[in-house]
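Summary of structural features
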Amino acid sequence: GAGVSQTPSNKVTEKGKYVELRCDPISGHTALYWYRQSLGQGPEFLIYFQGTGAADDSGLPNDRFFAVRPEGSVSTLKIQRTERGDSAVYLCASSLDGAFTGELFFGEGSRLTVL
Amino acid sequence: AQSVAQPEDQVNVAEGNPLTVKCTYSVSGNPYLFWYVQYPNRGLQFLLKYITGDNLVKGSYGFEAEFNKSQTSFHLKKPSALVSDSALYFCAVRGYNTNAGKSTFGDGTTLTVKP
């Protein structure tokens with residue numbers, strides 16, 4: 001497809017479990033971003049990749065959250081020992097080159113529910 | 001730190017009337033400003049952006065926005081609203097002096113256009 005693809009679209013898990021969320025960006029986009037959106041709020045920045053490296057991970061809330069992008073394309077957001085407060089929609093976006101002026105192209109999100 | 005404020009949670013207008021969705025921002029250095037729209041069960045979509053130049057920028061679906069540096073505002077406007085414009089609208093900012101990864105979003109404004 002031409003857009004950003006995120007899987008799964010919905011994930012229900014139990015407190016304490018491990019979760020992986022996948023993002024497949026638009027082909028050719030070197031910059032990839034993860035955001036988290038809670039109900040009634042705007043997207044909150046988590047991490048930004050330029051190529052394979054995390055250029056800015058200052059938004060990751062704690063060390064239970066980790067993200068990788070080993071080949072500079074697909075990225076996986078990993079959450080260990082999930083807590084109920086992690087429940088949110090996790091958004092992935094990509095942009096052509098990460099320039100300040102470039103708009104973001106978002107996927108439809110992965111809705112995570114931690115019971 | 002950069003921030004965005006969308007002072008109205010909800011905006012209601014009648015079809016055919018002009019609409020305005022307000023946004024103010026705070027950022028170090030020159031701002032790069034964006035509007036995104038989110039339809040139900042869809043990902044965020046880029047509408048328009050201000051980078052430099054003319055303070056009035058035009059975007060998708062007949063929307064436009066006016067950059068006002070002295071008031072640090074970037075209000076979204078449309079001369080004649082359509083029912084299909086009903087959606088959730090987000091304003092976002094990037095500052096030239098900050099990492100390109102950090103687009104900061106407002107909490108969104110729900111626009112409802114009534115027939």
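So, here's what we can say about the structure. (Residues numbered from 1 in each chain as written. Chains lettered and ligands numbered in written order. Predicted model: local features only at pLDDT ≥ 70, side-chain atom pairs only at ≥ 80, totals over all residues. Heavy atoms only, no water.)

**Brief notes about the side chain of Thr 82 of chain A**
Residue and element names in this part refer to chain A. Stated precisely, the cut-off is as follows: A run of DSSP states H or I qualifies as a helix once it reaches four residues; a run of E qualifies as a strand once it reaches two. Both are numbered from the N-terminal end. Relative accessibility thresholds used throughout: buried, under 20% of the residue-type maximum; exposed, over 50%; partly exposed, between the two (1.4 Å probe, protein chains only). Contacts described as polar in this section are N or O atom pairs within 3.5 Å, which, within protein, must combine one atom able to donate a hydrogen with one able to accept it, while residues neighboring in sequence count only if both atoms come from side chains. What makes two residues a contact is simply this: any of their non-hydrogen atoms within 4.5 Å.
Inspection of the secondary structure assignment puts Thr 82 in the loop between strand E8 (75-79) and strand E9 (88-95). Among the residues examined, Thr 82 registers a relative accessible area of 0% and is labelled buried. Separated by 3.2 Å, the side chain of Thr 82 and the backbone oxygen of Glu 14 make a polar contact. Beyond its immediate stretch of four places on either side in the chain, Thr 82 contacts Thr 13, Glu 14, Lys 15, Gly 16, Lys 17, Val 19, Arg 64 and Val 114.

**Here we look at the interface of chain A and chain B**
Rule in force here: Throughout, buried area stands for the accessible area (probe radius 1.4 Å) lost by two parts on being put together, summed over both. When a carboxyl oxygen of Asp or Glu lies within 4 Å of a side-chain nitrogen of Lys or Arg, that pair is called a salt bridge. Amino acid classes used here: Ala, Val, Leu, Ile, Met, Phe, Trp, Tyr, Cys and Pro are nonpolar; Asp, Glu, Lys and Arg are charged; the rest, including Gly, are polar.
Between chain A and chain B, the residue contacts involve 23 residues of the former and 24 residues of the latter. When the buried surface of chain A facing chain B is broken down by residue, Phe 100, Thr 101 and Glu 103 of chain A rank first, second and third, together holding 33% of it. The partner of Lys 49 of chain B in a salt bridge is Glu 103 of chain A, and the shortest N-O contact between them spans 2.8 Å. Our enumeration of links across chain A and chain B arrives at 8 residue pairs in polar contact (both at pLDDT 80 or more). The set of elements that each furnish at least two residues to the side of chain A that touches chain B consists of strand E4 (31-37), strand E5 (44-50) and strand E6 (53-56) of chain A. Within the side of chain A that touches chain B, the residues separate by chemical class into 11 nonpolar, 9 polar and 3 charged.

**As for the state of the cysteines**
We apply this condition: Pairs of cysteine sulfur atoms within 2.5 Å are what we label disulfides.
Counted by the stated rule, this structure contains 2 disulfides over all chains. Note that Cys 23 of chain A is cross-linked by a disulfide to Cys 92 of chain A, the S-S spacing being 1.9 Å. Taking the sign of the torsion about the S-S bond as the criterion, the disulfide between Cys 23 of chain A and Cys 92 of chain A, at about -70°, is left-handed. Placement of the pair is Cys 23 of chain A in strand E3 (residues 19-24) and Cys 92 of chain A in strand E9, with a sequence separation of 69 residues. Cys 23 of chain A sits in the buried class, given a relative accessible area of 0%. The residue that forms a disulfide with Cys 23 of chain B is Cys 91 of chain B, at a sulfur-sulfur distance of 2.0 Å. When the S-S torsion is -65°, as for the bridge of Cys 23 of chain B with Cys 91 of chain B, the disulfide is left-handed. With Cys 23 of chain B in the loop between strand E3 (19-21) and strand E4 (24-26) and Cys 91 of chain B in strand E10 (residues 87-95), this pair connects stretches of sequence that are 68 residues apart. With relative accessibility at 0%, the residue Cys 91 of chain B sits in the buried group.

**A look at unusual backbone geometry**
Here Thr 7 of chain A and Pro 8 of chain A are connected by a cis peptide whose omega angle stands at -10°. Within the element layout of this structure, Pro 8 of chain A appears in the loop between strand E1 (5-7) and strand E2 (10-13). A positive phi is found at Tyr 61 of chain B, a non-glycine position, where the angle reads about 60°. One non-glycine residue with positive phi stands out, namely Thr 72 of chain B, at about 45°. Looking at where Thr 72 of chain B falls in the secondary structure, it is placed in the loop between strand E8 (64-68) and strand E9 (73-78). For Thr 72 of chain B, a relative accessible area of 30% puts it in the partly exposed group.

**Brief notes about the packing of aromatic side chains**
Rules: When the centres of two rings from Phe, Tyr and Trp lie within 6.5 Å, Trp using its six-membered ring, the rings pair. Their planes under 30 degrees apart give stacked, over 60 give edge-to-face, and anything left gives tilted. Cation placement over rings: the criterion is NZ of Lys or CZ of Arg within 6 Å of the ring centroid and within 35° of the ring normal.
For the structure shown, the criterion picks out 12 aromatic pairs over all chains. A ring pair is formed by Tyr 35 of chain A and Phe 45 of chain A, whose centres lie 5.8 Å apart and whose planes are at 75°; its orientation type is edge-to-face. Taken as a pair, Tyr 35 of chain A in strand E4 and Phe 45 of chain A in strand E5 lie far apart in primary sequence, 10 residues in all. Exposure class is identical for Tyr 35 of chain A and Phe 45 of chain A. Each is buried. Ring centres of Phe 106 of chain A and Phe 105 of chain B lie 6.0 Å apart, and the angle between their planes is 75°; this geometry places the pair in the edge-to-face category. Taken together, the residues span two chains, with Phe 106 of chain A in strand E10 (residues 105-106) and Phe 105 of chain B in strand E11 (residues 104-105). For the pair shown, Phe 106 of chain A and Phe 105 of chain B are each scored as buried. Grouping aromatic residues by their ring pairs yields a cluster made of Tyr 35, Phe 45 and Phe 106 of chain A together with Phe 34, Tyr 36, Phe 46 and Phe 105 of chain B. Taking the ring centre of Phe 63 of chain B as reference, the NZ or CZ of Lys 78 of chain B above it sits at 5.0 Å.

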